[in-house]
Amino acid sequence: MKRILLYLALCVSLQTTAQSQQTTTVRDAFKAMPDSLLPYLTTNNRLDMMDFMDAKMKSVVTNLLDGQTEMLYLTDDSLAVALNKSVLMQMWLEPVDTGRVVCVRKVYHAGERQRQVVEERYTMDWRVLSGKVVESTLLRRDEEIKEKSHL
């Protein structure tokens, strides 16, 4: 009898864990994001931005560098934050065989023609799965300047 009760308790526990992983939103991931990934935004800054969005207010906070950071949109499965004038961060969840992964795209702008896009994937507990530069025009612009200087 004890074995049956233990087995049932284990099944209920596993089902509850599976359901909680399936219902995780990008909001939950953003709350749990380590400070090391956005060092000039505190946890309170992130929470404040989400509260402002929920209240239908402009979602702007002062970051640790005394600059302005604005959350542009927030849904259950994606968000976008203008970290400063030069960096846009987008976050979304993607389903995989084992549950979901957190995808983070950062777009760095350095002038009109220079930009770099970096995409990273993380587990739901923020362990790195992969990261790569998807697009970069920074070096191309350097080559253009170098060619003009030789003319």
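Structural data are supplied above this passage.
The following refers to the structure shown.

Concerning the pairing of strand β5 (residues 99-109)
- Across 10 bridges, strand β4 (residues 87-96) lies against β5 in antiparallel orientation. Its bridge partner lying in β5, Pro95 is registered against Arg100.
- Counting the residues in the hairpin turn of β4 and β5 gives two residues.
- Relative to strand β6 (residues 115-122), β5 is paired through eight bridges, and the arrangement is antiparallel. Counterpart to Tyr108 in the pairing with β6 is Gln116.

Quick notes on the nonpolar core
- Counting 24 residues, the largest nonpolar core has Phe30, Met71, Leu79, Met89 and Met91 as the members making the most contacts within it.
- Elements with a minimum of two residues in this core: α2 (26-32), α3 (43-54), β2 (68-74), β3 (78-82), β4 and β5.
- Excluding anything up to four places from it in sequence, Met91 contacts Val26, Ala29, Phe30, Met33, Asp77, Ser78, Leu79, Val102, Cys103, Val104 and Trp126.

Calculation rules
- Residues numbered from 1 in each chain as written.
- Predicted model: local features only at pLDDT ≥ 70, side-chain atom pairs only at ≥ 80, totals over all residues.
- Heavy atoms only, no water.
- Pairing = 2+ DSSP bridges.
- Helix = DSSP H or I, 4+ residues; strand = E, 2+ residues; numbered from the N terminus.
- Core = buried A, V, L, I, M, F, W, Y, C linked by side-chain atoms within 4.5 Å.
- Buried < 20%, exposed > 50% of the residue type's maximum accessible area, 1.4 Å probe, protein only.
- Contact = heavy atoms within 4.5 Å.

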